[in-house]
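# A look at the structure
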Amino acid sequence: MGTHLLSREILFKNLKLQTWAIPKYRIQYFMKWQRETINNLIEEAIMEADQKGIKVLSLGFLNQASQRREADGELYIRRNPRLKVKVVDGSSLASAVVVNSIPKGTSQFVLRGHLSKVAYSIALACQGGIQLQVLITR
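For clarity, every value in this text was computed on a predicted model and none was experimentally measured. (Residues numbered from 1 in each chain as written. Predicted model: local features only at pLDDT ≥ 70, side-chain atom pairs only at ≥ 80, totals over all residues. Heavy atoms only, no water.)

## Digging into the overall build of the chain
As a reminder, the rule being used: Secondary structure elements follow DSSP: runs of H or I no shorter than four residues count as helices, runs of E no shorter than two count as strands, and numbering proceeds from the N terminus. Throughout, exposure labels follow a simple rule: accessible area from a 1.4 Å probe, protein chains only, divided by the maximum for the residue type, with under 20% read as buried, over 50% as exposed, and the rest as partly exposed. Any two residues whose heavy atoms approach within 4.5 Å at even a single point are treated as in contact.
Scanning the chain from terminus to terminus reveals five helices and six strands. In the chain, the succession of α and β elements from N to C terminus is β-β-α-β-α-α-β-α-β-α-β. The burial tally for the chain puts 31% of its 138 residues in the buried class. In the chain, the share of contacts with a sequence separation of at least 24, taken over all contacts with a separation of at least 6, comes to 52%.

## Details of the nonpolar core
Our working rule: We define the nonpolar core as a collection of buried residues of types Ala, Val, Leu, Ile, Met, Phe, Trp, Tyr and Cys that are connected through side-chain atoms lying within 4.5 Å of one another.
Counting residues in each nonpolar core, the largest one holds 16 residues, and the members touching the most others are I42, I46, L57 and V85. Put simply, the parts of the chain that give this core at least two residues each are α1 (32-51), β3 (56-59) and α3 (74-79). No other element matches α1, which puts six residues into this core. Ignoring sequence-local partners within four residues, the contact set of V85 consists of I46, D50, I54, K55, V56 and L57. Residues F109, L111, A119 and C126 belong to the second largest nonpolar core, which totals six residues.

Structure (structure tokens):
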């Protein structure tokens, strides 16, 4: 782990999970003069994860905000095209968990709640033969 990152390891069944945190306050993510420092810390974490053989790395919301013009870690992937680690945002990860938990052979699926980035991602992923109904709540 890099000297600038905080880490915590969690064991969940047969998964080994880690949380890495960048020690910055929320307000610092919105200061232009902090952007380069934060982006360098994020890139350091991605490179270290790749070297350790991590399969998926999910960026937290504020880390996504620090690279507003880029989507899902695209900035870091473009800088390091040989990365093996898959860099995703939290919404993509949540969507993948939901879609992969739908039992095989399911023909109908209902989404209930507010339409969000996660809901749209799930809807797009379900286009392959699953009839989707969306119940919007207010």
